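Remarks on the overall topology
For reference, the chains in residue letters:
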Amino acid sequence: MQRRSLLLAAGASLALPTLSLAAAPKASVIIVGGGMAGTTLAKFLRLWDRGIAVTLIDRQPKYVSNIMSSLVLTGQRTVSQLTYTYDSLRRRGVKVVIDEVRAIDVVNARVTLASGAVLQADRVVLAPGIAFEAPAGAYDDQRMPHAWQAGPQTTLLAQQLAAMPENGLAVMSIPPTPYRCPPGPYERACLLADWLRVNKPRAKLLVLDANADFVTEKDNFSSAFFGLHADVIEYRNNVVIESVDAPTMTLYTNTEAITADVINLIPRQRAGRIVTDAGLATANGGRFAPVDVLGYASTAAPRVHVIGDSSATTQPKAGHIANQEAKICADALVRVFNGLPQDTAPVTNSACFSTITQTQASWLTAVFQYDPATRTMVSVPNSSGASDGWSAGHFKDMNTWFSALMADSFA
Ligand SMILES: Cc1cc2nc3c(=O)[nH]c(=O)nc-3n(C[C@H](O)[C@H](O)[C@H](O)COP(=O)(O)OP(=O)(O)OC[C@H]3O[C@@H](n4cnc5c(N)ncnc54)[C@H](O)[C@@H]3O)c2cc1C
């Protein structure tokens with residue numbers, strides 16, 4: 001119950017009168033992307049003001065959760081167990097359109113779909129997640145899967161790992177920050193090391209990190225990499241992949257050429273393509289979209305908002321944060337459409353569990369609040385931290401947290 005309350009915390013400041021369903025909608029919102037951010041926004045807009053007409057557009061009829069998807073690689077979860085539908089949103093009165101958004105008119109809040117249809121609303125909210133930057137050279141994501149957008153890529157990497165020779169070499173590459181799910185690559189490496197020890201006892205996992213050090217949860221990951229999993233994992237930092245040759249399974253790095261049996265190449269990331277094409281991705285070297293975190297309006301286009309991994313904020317690119325940003329955005333839009341004052345003190349929180357073995361996990365949590373001086377979300381002192389080590393109890397808590405988060409966004 002406590003965790004559930006935390007999930008709802010971002011909307012807790014909302015103190016609006018009960019709003020009745022108007023005969024004609026008082027306002028309309030188009031949401032592009034039905035992932036962690038987009039579905040949460042659609043749900044909470046309808047929960048908080050049924051007078052707002054909400055249209056959600058996603059190119060896929062169902063959503064596959066990235067969260068927990070590394071457990072598919074070890075056979076502990078299936079992709080179908082991680083698949084969510086939009087049925088609950090439809091029951092809440094959200095119009096769900098399965099199509100791809102090809103273009104956005106950011107001034108007139110208008111979107112053009114692959115089918116040719118053109119839709120317009122009072123506001124457009126972009127929640128398209130991430131796009132990958134293909135490495136130089138002969139890159140092929142079928143030979144070097146990223147499995148960083150769950151679905152067929154996850155299944156492919158699982159198959160390649162299962163077919164790897166008993167004494168094979170698997171390589172995982174970690175891109176420079178900012179990327180989706182800061183602890184994700186390290187937790188995947190730990191999980192795979194535990195799985196390899198049992199299933200491919202003489203195999204090794206080489207982790208090539210483009211960053212100078214573990215980007216988060218350093219104590220737990222360094223204990224796991226250099227202690228618990230030291231017989232399987234070799235960790236190299238400051239390794240940048242300069243080009244690749246998929247036919248020969250070779251990575252050319254700033255230090256050497258590496259050939260491996262399985263390569264889980266997680267490419268550098270940027271905002272979903274629709275954000276970049278609209279000219280909104282001007283932060284982080286032109287990769288992500290700057291926003292006003294009081295309501296997630298684009299700093300370049302006030303009728304367009306950007307939430308989730310595509311936005312450039314001081315918060316981590318995580319599903320839990322995507323859920324929280326969506327609630328802040330929903331609150332802000334309900335206030336705008338009802339002539340109510342803006343909430344100038346939003347608070348968000350994030351919990352993250354990391355699998356250190358197939359049965360044990362660690363955790364990391366953070367609370368952010370708006371800082372008017374910098375106009376950013378800053379970490380609240382003494383409210384953030386990580387577990388001291390890992391345990392089976394934390395693994396159990398991880399499953400509870402995941403179910404609560406997904407229900408909060410999709411049910
Ligand atoms: C292996 C892994 C483990 C993770 N573990 C955790 C974790 O433990 N905790 C955590 O909090 N986070 C975790 N994350 C991160 C989390 O999955 C992301 O931060 C989160 O999904 C971001 O939500 P989003 O809505 O921005 O993007 P997404 O969830 O990716 O949703 C984007 C949606 O937009 C749609 N879309 C994109 N472009 C278009 C278009 N042009 N037209 C129509 N539809 C479009 C896509 O089909 C997709 O459904 C993990 C990620 C990975 C890869």
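Note that the structure is a prediction, hence the values are computed from the model and not measured. (Residues numbered from 1 in each chain as written. Predicted model: local features only at pLDDT ≥ 70, side-chain atom pairs only at ≥ 80, totals over all residues. Heavy atoms only, no water.)

Of regular secondary structure, the protein possesses 10 helices and 27 strands. With the C-alpha coordinates aligned to their principal axes, the bounding extent of the protein is approximately 65 × 45 × 40 Å. Buried residues in the protein amount to 55% of all 411 residues. Taking all contacts inside the protein whose residues are at least 6 apart in sequence as the whole, residues at least 24 apart take part in 68%. Of the roughly 16,400 Å² that the protein leaves accessible, carbon and sulfur atoms contribute 52%. Considering the protein, the positive charge centre built from 35 side chains and the negative charge centre built from 33 side chains are found 8 Å apart. (Helix = DSSP H or I, 4+ residues; strand = E, 2+ residues; numbered from the N terminus. Buried < 20%, exposed > 50% of the residue type's maximum accessible area, 1.4 Å probe, protein only. Contact = heavy atoms within 4.5 Å. Areas by Shrake-Rupley, 256 points an atom, 1.4 Å probe, with all protein chains shown as cover. Lys, Arg positive; Asp, Glu negative; His and termini not counted. Charge placed at Lys NZ, Arg CZ, Asp CG, Glu CD.)

Relative to strand E16 (residues 250-253), strand E15 (residues 241-245) runs antiparallel, the two sharing 4 bridges. Paired with Ser243 across the two strands is Tyr252, which belongs to E16. As paired elements, E16 and strand E17 (residues 257-259) share 3 bridges and run antiparallel to each other. Bridge pairing in E17 links Thr250 to Thr259. Taking the residues that link successive antiparallel strands as the turn, the E16-E17 hairpin has 3 residues. (Pairing = 2+ DSSP bridges.)

Quick look at the sheet that holds strand E7 (residues 110-113) now. Taken in spatial order, the 3 strands of this open sheet run E6-E7-E8, and their pairing is antiparallel. Each edge of the sheet is formed by a strand with only one pairing partner; in this case those strands are strand E6 (101-105) and strand E8 (118-120). Averaged over all neighbouring strand pairs, the angle between strand axes comes to 20°, with direction disregarded. Pairing analysis gives 4 bridges linking E6 to E7, with the strands arranged antiparallel. Looking at E7, one finds that Asp105 is bridged to Arg110. (Axes fitted to C-alpha atoms, helices over the stretch in contact; angles between N-to-C directions.)

This part covers the side chain of Asp331. Secondary-structure assignment places Asp331 in helix H9 (residues 319-337). The class of Asp331 is buried, set by a relative accessible area of 2%. In terms of polar contacts, Asp331 uses its side chain to reach the side chain of Arg335, at 2.8 Å. (Polar contact = N/O pair within 3.5 Å; in protein donor to acceptor, adjacent residues only side chain to side chain.)

This brings us to the nonpolar core. If you look at the biggest cluster of nonpolar residues, it comprises 86 residues, and the most contacted ones within it are Ile31, Leu41, Leu45, Val111, Leu126 and Ile307. With 9 residues, the top contributor of residues to this core is H9. When residues of this core are sorted by domain, at least three fall in each of domain 1 (2-131 + 269-343) and domain 2 (136-265). Residues contacting Ile31, with those up to four places away along its chain left out, are Gly38, Leu41, Ala42, Leu45, Val54, Thr55, Leu56, Ile57 and Val125. (Core = buried A, V, L, I, M, F, W, Y, C linked by side-chain atoms within 4.5 Å. Domains from an automatic or database assignment.)

Take the site of the ligand next. The environment of the ligand is made up of 33 residues, and the closest members are Asp58, Tyr63, Arg180, Asp309 and Gly319. Residue Arg180 places a side-chain N or O atom 2.7 Å away from an oxygen atom belonging to the ligand. Asp309 places a polar main-chain atom, nitrogen or oxygen, 2.9 Å from an oxygen atom of the ligand. In isolation the ligand exposes 1,000 Å². Once the protein is present, 96% of that is buried. Elements supplying a minimum of two residues to the shell around the ligand: helix H2 (36-48), strand E2 (52-58) and H9. (Near = heavy atom within 4 Å.)

The next thing to look at is the side chain of Thr216. Inspection of the secondary structure puts Thr216 in the loop between strand E13 (204-209) and helix H7 (218-228). If sequence neighbours within four positions are ignored, Thr216 has contacts with Pro182, Pro183, Phe221 and Leu364.

Quick look at the environment of Cys190 now. Structurally, Cys190 can be placed in helix H6 (residues 184-199). Residue classification places Cys190 among the buried residues on the basis of a relative accessible area of 0%. In this structure the C-alpha to C-alpha distance between Cys190 and Ser354, which are 164 residues apart in sequence, comes to 9.0 Å. Excluding residues that lie within four positions of it along the chain, Cys190 makes contacts with Phe221, Ala224, Phe225, His229, Ile233, Thr355 and Ile356.

The terminal C-alpha atoms of H2, which comprises 13 residues, lie 18 Å apart, in line with the 18 Å expected from a rise of 1.5 Å per residue. With 12 of 13 residues buried, H2 is to be regarded as a mostly interior element. (Expected span 1.5 Å × (residues − 1).)

Below, the discussion takes up the domain arrangement of the protein. In terms of domain boundaries, the protein breaks down into domain 1 (2-131 + 269-343) and domain 2 (136-265). Together, the buried faces of domain 1 and domain 2 total about 1,700 Å²; carbon and sulfur atoms form 63% of this surface. Across the salt bridge formed by Asp309 and Arg180, the nearest N and O atoms sit 2.6 Å from each other. A per-element tally of the side of domain 1 that touches domain 2 places helix H3 (residues 70-73) first, with 4 residues. Along the lines of polarity and charge, the residues of the side of domain 1 that touches domain 2 split into 8 nonpolar, 9 polar and 2 charged. (Buried area = accessible area lost by both parts, 1.4 Å probe. Salt bridge = Lys/Arg side-chain N within 4 Å of Asp/Glu carboxyl O. Nonpolar A, V, L, I, M, F, W, Y, C, P; charged D, E, K, R; others polar.)

Okay, the packing of H9 against helix H10 (residues 392-410) next. It is the contact of H9 with H10, at a shortest axis distance of 11 Å, that shows an interaxial angle of 35°. As H9 packs across H10, the resulting crossing turns out to be left-handed. Contacts between H9 and H10 pair Gly319, His320, Asn323 and Lys327 from the former with Trp401, Leu405, Asp408 and Ser409 from the latter. Residues that form the contact of H9 with H10 fall into these classes: 2 nonpolar, 4 polar and 2 charged. (Left-handed = near helix turned anticlockwise from the far one by under 90°.)

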